[in-house]
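Listed below, chain by chain, are the residues.
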Amino acid sequence: MSAQRSGRTAVTGIGVVAPNGLRTDAYWKSVREGVSVLDRITRDGCGHLPLRVAGEVRGFDASAFIEETFLVQTDRFSHFAMAAAGAALDDAGLSGIAAESPYSVGVVTAAGSGGGEFGQRELQKLWGQGSRYVGPYQSIAWFYAASTGQISIRGGFKGPCGVVASDEAGGLDAVAHAGRAVRRGTDVVVVGAAEAPLAPYSMVCQLGYPELSTAEDPAVAYRPFTSKARGFVPAEGGAVLVVEDADRARRRGTAIRATVAGHAATFTGASRWDRSREGLARAIQGALDEAGCAPEEIDVVFADALGTPEADRAEALALADALGPHGTRVPVTAPKAGFGRAYCGGPLLDIAAAVLAMEHGQVPPTPGVFDICHDIDLVTTRARPAELRTALILSRGLMGSNAALVLRQGEHA
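Residues numbered from 1 in each chain as written. Predicted model: local features only at pLDDT ≥ 70, side-chain atom pairs only at ≥ 80, totals over all residues. Heavy atoms only, no water.

As annotated in an unreviewed UniProt entry, the chain carries the name Ketosynthase chain-length factor and comes from Streptomyces pharetrae CZA14. Per UniProt, the comment on the chain under Sequence similarities (unreviewed entry) is "Belongs to the thiolase-like superfamily. Beta-ketoacyl-ACP synthases family." (UniProt positions renumbered as here; feature names shortened; annotations may be inferred.)

This is the structure we're talking about:
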């Protein structure tokens, strides 16, 4: 444990596995250029389902990132998380930290769907061949806490660990949870979320969401904040961060890529988008208060962008309620329109994009969106140069959670 604490949580490492990039630099290039990778779903066993379009992580070879010992006992969602965690630790210069101080490193992840692909495969063996053919790892691979467990075991981390289950907004809540652990004395926390919701069983479960887009044309399937908004498309992947106390980061000479300044969360009920206006506005206000940040200080907003008329309207109004006149002037973006909503992994991908946007002084565009029908300054077509010192990231869950996170510019931007 470190004796001297600044009270500020620094982001010192980022790892990304996303439909539009298997590395952080590739992800940022795609986001900055406004590339859309939404396409028809190609996963086996999904062709007959009415969900046609998604953001698939293609070309991902788990064996290139993870040892066979872990591969056989884990689902695709944990493969993404472990690969991203390894990249984040390398980025932070902490790949060997467990050998020095295993109890000083914790792990926190958020998860929504768990290991659906692994679970489906084993259940098919149960009903088709019998119980003797079900593997022993069925008991753990599907579990929503599996990624936390496997990252900590693989890395030898014995500090405080946890999993956050609070809807899609849990991605932001997990980062806040990690920040509290750092302030309480944990040196380093590996925090993030990754999802793999494109197996047949998982997709059937999602078909119950009225907000899900079943459009067959990728070009129009997910168009938030437009008159043609018809719902969201799901995505695989996510991101993992390394967070630590800012003073500790300075002492070991690593770059502080951003600081976590404020967070707040509320709950307004499943699919109650009329109520989410107030709930999201209160979350924004709470995050600003914790950050000691005036509305006018927000330089960019990474929107939740659910993609239904009612939900998009509620979010635009929540920005106006919480930020006042600045809510209609601040640049707003939703890069996820180009690769889909990765459930709990989505907010982490937004955080990664926000950190990179502040470092590069560019607000990335919202892919495929042109006819904006809400009173917000949505960035479209191409990246917009801007001095970005403070970013606001928003997230809402289909079950009613709302969260807001304020990030400050890092010290080497």
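Draft legend 1. Layout of the overall build of the chain. Of the regular secondary structure elements, the chain holds 13 helices and 15 strands. Over its C-alpha atoms the chain spans a radius of gyration of 20 Å, differing by no more than 12% from the 22 Å that the globule rule assigns to 413 residues. Seen through its C-alpha atoms, the chain measures out along the principal axes to roughly 65 × 55 × 35 Å. In the chain, which comprises 413 residues, the proportion classed as buried is 61%. The contacts of the chain with a sequence gap of at least 6 include a subset with a gap of at least 24, amounting to 80%. For the chain, the computed accessible surface area is about 15300 Å², with 51% contributed by carbon and sulfur atoms. Each charge sign in the chain was given a centre, from 39 positive and 45 negative side chains, and these centres are 1 Å apart. (Helix = DSSP H or I, 4+ residues; strand = E, 2+ residues; numbered from the N terminus. Rg over C-alpha atoms; globule rule 2.2 N^0.38 Å. Buried < 20%, exposed > 50% of the residue type's maximum accessible area, 1.4 Å probe, protein only. Contact = heavy atoms within 4.5 Å. Areas by Shrake-Rupley, 256 points an atom, 1.4 Å probe, with all protein chains shown as cover. Lys, Arg positive; Asp, Glu negative; His and termini not counted. Charge placed at Lys NZ, Arg CZ, Asp CG, Glu CD.)

Draft legend 2. Examining unusual backbone geometry more closely. Backbone geometry places Y343, a non-glycine residue, at a positive phi of 50 degrees. Within the secondary structure, Y343 is located in the loop between β10 (331–333) and α13 (345–360). A relative accessible area of 10% places Y343 in the buried class. In this structure, T381 is a non-glycine residue whose phi angle is positive, near 70 degrees. Tracing the backbone through its elements, the reader meets T381 in the loop between β12 (377–378) and β13 (384–385). Note on T381: relative accessible area 46%, which makes it partly exposed.

Draft legend 3. Quick peek at the packing of helix α8 (residues 170–184) against α13. Axis separation between α8 and α13 bottoms out at 6 Å; the angle between their running directions is 65 degrees. Together, G171, L172 and V175 of α8 and P347, L348 and I351 of α13 make up the contact between the two elements. Residue classes in the contact of α8 with α13 are distributed as five nonpolar, one polar and no charged. (Axes fitted to C-alpha atoms, helices over the stretch in contact; angles between N-to-C directions. Nonpolar A, V, L, I, M, F, W, Y, C, P; charged D, E, K, R; others polar.)

Draft legend 4. A look at the packing of aromatic side chains. Evaluation of the coordinates by the stated rule reveals six aromatic pairs. Seen in terms of ring centroids, F60 and F65 are 5.3 Å apart; in terms of plane orientation they differ by 10 degrees. Their pairing is stacked. Geometrically, the ring pair formed by F60 and F80 is edge-to-face, given 5.0 Å between the ring centres and 70 degrees between the ring planes. With a gap of 20 residues between them, F60 in the loop between β3 (53–54) and α2 (68–71) and F80 in helix α3 (residues 76–92) connect regions that are remote in the sequence. Among the aromatic residues, those joined into a ring-pair cluster are F60, F65 and F80. Directly above the ring of F232 sits R341, whose terminal nitrogen or CZ lies 5.7 Å from the centroid. (Phe/Tyr/Trp six-rings, centres within 6.5 Å; stacked < 30°, edge-to-face > 60°. Lys NZ or Arg CZ within 6 Å of the ring centre and 35° of its normal.)

Draft legend 5. Quick look at the packing of helix α11 (residues 273–291) against helix α12 (residues 309–323). Between α11 and α12, whose axes approach to 8 Å, the crossing angle comes to 35 degrees. Of the two possible hands of crossing, α11 and α12 adopt the one that is right-handed. Of the residues in α12, those touching α11 at W273, D274, S276, R277, L280, A281, I284, Q285 and L288 are E310, A311, A314, E315, L317, A318, L319, D321, A322 and L323. Classifying every residue of the contact of α11 with α12 gives twelve nonpolar, two polar and five charged. (Left-handed = near helix turned anticlockwise from the far one by under 90°.)

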